[in-house]
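# Per-entry structural report
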Amino acid sequence: MESTTANDRIELLSEEIKDLLHPHAVDDVKLIQKGLMLYRQGMVKQLQIWNAQITAMVQDVTACHVKLNFSHLSLNSCTCPHEGLCRHQIAVFFAAYSRIGSVAEWVAEWREPMKEKNDVASWGLQKAKDLIKANGVMKPDYARWVESFEVSFDTILNSKKYSSPFIIAELFNIYERRIKASAPVEKEWRLLYEMVGIVVSFKKLAVLTVNSGFAEDVVRRAYLSVFHNLIEDADELVLKIGVQSLPFDFDEFILKLKDEVFELLTVSSDLEQERIYLYRLLWTNLFKKKEWREEEIVLINDRMKSLNEWENPNPLMVAGIHISILQQKDELALDLITKVDDKVITPYMLHWIELLSQTKAWKRVGPLIELFISKLKGYLDFLRTYHSCASFTRSTLKAINPYISENGKAELYERAMLSTLPYSYTEYEHSLFERKQYDKWSDLQAFMGWNFYDLPRERVKVIEKEKPEVLLGMLHQSALNEINQKNRSSYKAAVRHLKKLRTLYKKTKRVDDWQYFLDSLMDKTKRLRAFHEECRRSKLIEE
């Protein structure tokens, strides 16, 4: 038996491997199976457990020498061609683990989350069936609805028996089927019941996420889609509710739902965008009475004053701006926007631009777009990754385009494209060319650092015919950039640019300017003998 210190190190290695491999991943399951088979067949030989590592030889098709490092799995090695954790390393781990515990129990424990997922469906459905029998189909009663949602959620998802984040989505499906089975028969009440269910369920799942301590990346991989599905369902429901006649006592339920929705702003420190989206959706489409919006502003301001230091104020601030816009208090909304950090508020401004554009409130949306454009460059600098910046730029141009088209604000659109370069390059380049703004088109190519011969030939031919002098500056820059590379191939490229320059100077009847430029260039580069040789070889200058 190894020392206690060695046992502890093997136990820590065991936990690291459990964290790395997931029982729901097919490749990981195969890896464990193959390693287990090698271990059980007695293929692990010469096992040695040292202070820093485990070493062994695994007799596979060919003998493989394995080292397992106690400090980090990335330092492991095996002489097989497989990259990363391989079956031979798993086999050696099992051989070492067998010194301190049961390998069969280790594998069973590792598989438990998958086992949970497989058997939870029948358990959950049976539990749901029992709950339905107890409750029956409920008449419209807001408090009973919420109690039913919470009891079902706690019974199915808050069970201590199931703790893996990767079974949350499966459990939530069971929970959803259970609450839909208890929905009112009347269509108008059923729609409201489902909306209340979405809000309560969203809040309950957000709290479960916080209490479980799941890492953000784990939540994203395991069940972020559940939150997004709830939002999509809410989107559909507000449309259906909006086109039907509502019962006389519907307002009583809406008032209570309004209180539930307010809690979305502070129920969690995570899921900020999802919580704000659901809040905005319901206030825009469902909570339309003037007095409700006035009361909501008071609630938001009061809650802001009582925030703790560790609480995220962004949802409350965005909610206050949203309600102000719904109240048509645009000056107040714009003032509030300027008080929020650009990297927080800028993406939310897209929604308000689209909201006002849908109602063709052009006078209102104009100042909002002006302010939005002033924040674009700073926000893109914050995003950093090219994919994120390009995606946001596409959303930006799409959102402001209706206002630009309707009001002929080409200058404003151009400012937006300038603020989002280089991500708006394709759109901006096309716009300049179509409007025959060839000078700006050439400046754009220079800004992007394109070589003259990288430009689209069709574009160049048109400009060369209609306004050839525009190309002179770019050719000058391209030629000088090549000369500064100071190698034979770049000198040849420079000569190509210079010969094209000569043609354009002749075409624009500026031969004297060409000769002056060439003489000056030859004088400045007189020490670059190889460059001068290329100029003579191409007959750009005389022997």
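Reference entry: report on the structure contained in this document. (Residues numbered from 1 in each chain as written. Predicted model: local features only at pLDDT ≥ 70, side-chain atom pairs only at ≥ 80, totals over all residues. Heavy atoms only, no water.)

End to end, helix H12 (residues 290–305) covers 24 Å across 16 residues, agreeing with the expected 22 Å (1.5 Å per residue, within 8%). In this fold, the buried residues of H12 make contact with helix H10 (250–263), helix H11 (272–285) and helix H13 (314–326). (Helix = DSSP H or I, 4+ residues; strand = E, 2+ residues; numbered from the N terminus. Expected span 1.5 Å × (residues − 1). Contact = heavy atoms within 4.5 Å.)

Trp352, Ile400, Leu498 and Phe531 are the most contacted members of the largest nonpolar core, which has 72 residues in total. The element that contributes the greatest number of residues to this core is helix H16 (residues 362–383), accounting for 10 residues. Other than its neighbours up to four places away in sequence, Ile400 contacts Ile353, Ile369, Phe372, Tyr413 and Ala416. Among the nonpolar cores identified, the runner-up in size contains 66 residues, and Ile179, Met195, Leu265 and Leu281 belong to it. (Core = buried A, V, L, I, M, F, W, Y, C linked by side-chain atoms within 4.5 Å. Buried < 20%, exposed > 50% of the residue type's maximum accessible area, 1.4 Å probe, protein only.)

The next point concerns the layout of surface pockets. Computed from the structure, the largest pocket encloses a volume of approximately 610 Å³. Going through the elements one at a time, helix H9 (224–242), H11 and helix H15 (342–358) are the ones with two or more residues in the lining of the largest pocket. The residue makeup of the lining of the largest pocket, split by class, is 8 nonpolar, 6 polar and 4 charged. (1 Å grid on protein atoms, 1.4 Å probe; cavity = no way out; pocket = protein on both sides within 12 Å on 5 of 7 lines; lining within 4 Å. Points joined across faces, edges and corners; volume = space filled by probe spheres on them. Nonpolar A, V, L, I, M, F, W, Y, C, P; charged D, E, K, R; others polar.)

With respect to the secondary-structure elements, Lys18 resides in helix H1 (residues 4–20). When its relative accessible area of 15% is taken as the criterion, Lys18 is described as buried. Contacts of Lys18, omitting those with residues within four sequence positions, involve Trp106, Glu109 and Trp110.

Attention shifts here to unusual backbone geometry. Each neighbour pair has its own omega, and for Leu421 with Pro422 the value is 5°, a cis peptide bond. One non-glycine residue, Lys539, lies in positive phi territory at about 65°. Under the relative-accessibility criterion, Lys539 is labelled exposed at 69%.

For the rest of this paragraph, the subject is the packing of helix H6 (residues 168–181) against H9. Remark: H6 packs on H9, axes separated minimally by 11 Å, with the N-to-C direction vectors making an angle of 30°. Facing Ala169, Phe172 and Glu176 of H6, the residues of H9 in contact are Val226, Leu230 and Asp233. Residue composition of the contact of H6 with H9, by class: 4 nonpolar, no polar and 2 charged. (Axes fitted to C-alpha atoms, helices over the stretch in contact; angles between N-to-C directions.)

This next bit is on the sheet that holds strand S4 (residues 77–78). Ordered in space as S1-S2-S3-S4, the 4 strands form an open sheet in which the pairing is antiparallel. The open sheet is flanked by strand S1 (44–49) and S4, the only strands paired with a single partner. Sheet topology note: the S1/strand S2 (residues 53–59) ladder contains 4 bridges and is antiparallel. Paired with Ile49 across the bridge in S2 is Ile54. (Pairing = 2+ DSSP bridges.)

A word on the pattern of salt bridges. Per the stated rule, a full pass over the model turns up 27 salt bridges. In this structure, Asp335 engages Lys339 in a salt bridge whose closest nitrogen and oxygen atoms are separated by 3.2 Å. Look at Lys339 and you get exposed, because its relative accessible area is 61%. Across the pair Glu414 and Arg435 runs a salt bridge, and its minimum N-O distance is 3.7 Å. One end of the pair, Glu414, is in helix H18 (residues 410–419); the other, Arg435, is in the loop between helix H19 (425–434) and helix H20 (438–448), and 21 residues separate them in sequence. Taking the relative accessible area as the measure of exposure, Arg435 reaches 32% and is therefore partly exposed. Residues participating in the shared-partner salt-bridge network are Arg488, Glu533, Glu534 and Arg537. (Salt bridge = Lys/Arg side-chain N within 4 Å of Asp/Glu carboxyl O.)

With that settled, consider the packing of aromatic side chains. Taken as a whole, this structure holds 29 aromatic pairs when the rule is applied. When the ring of Tyr39 is compared with that of Phe94, the centres are 6.3 Å apart and the planes differ by 50°; the resulting orientation is tilted. Note that Tyr39 is positioned in helix H2 (residues 26–40) and Phe94 in helix H3 (residues 87–97), a separation of 55 residues in sequence. The class for Tyr39 is partly exposed, based on a relative accessible area of 24%. Pairing Tyr491 with Phe531 gives two aromatic rings, centres 5.6 Å apart and planes at 50°, and the pair type is tilted. Separated by 40 residues along the polypeptide, Tyr491 in helix H23 (residues 488–507) and Phe531 in helix H25 (residues 529–537) bring together distant segments of the chain. Both residues of the pair, Tyr491 and Phe531, count as buried. Site record: aromatic cluster; members linked through ring pairs are Tyr142, Trp145, Phe149, Trp189, Tyr193 and Phe253. When the ring centre of Phe70 is taken as origin, the NZ or CZ atom of Arg9, which lies over that ring, is 5.3 Å away. (Phe/Tyr/Trp six-rings, centres within 6.5 Å; stacked < 30°, edge-to-face > 60°. Lys NZ or Arg CZ within 6 Å of the ring centre and 35° of its normal.)

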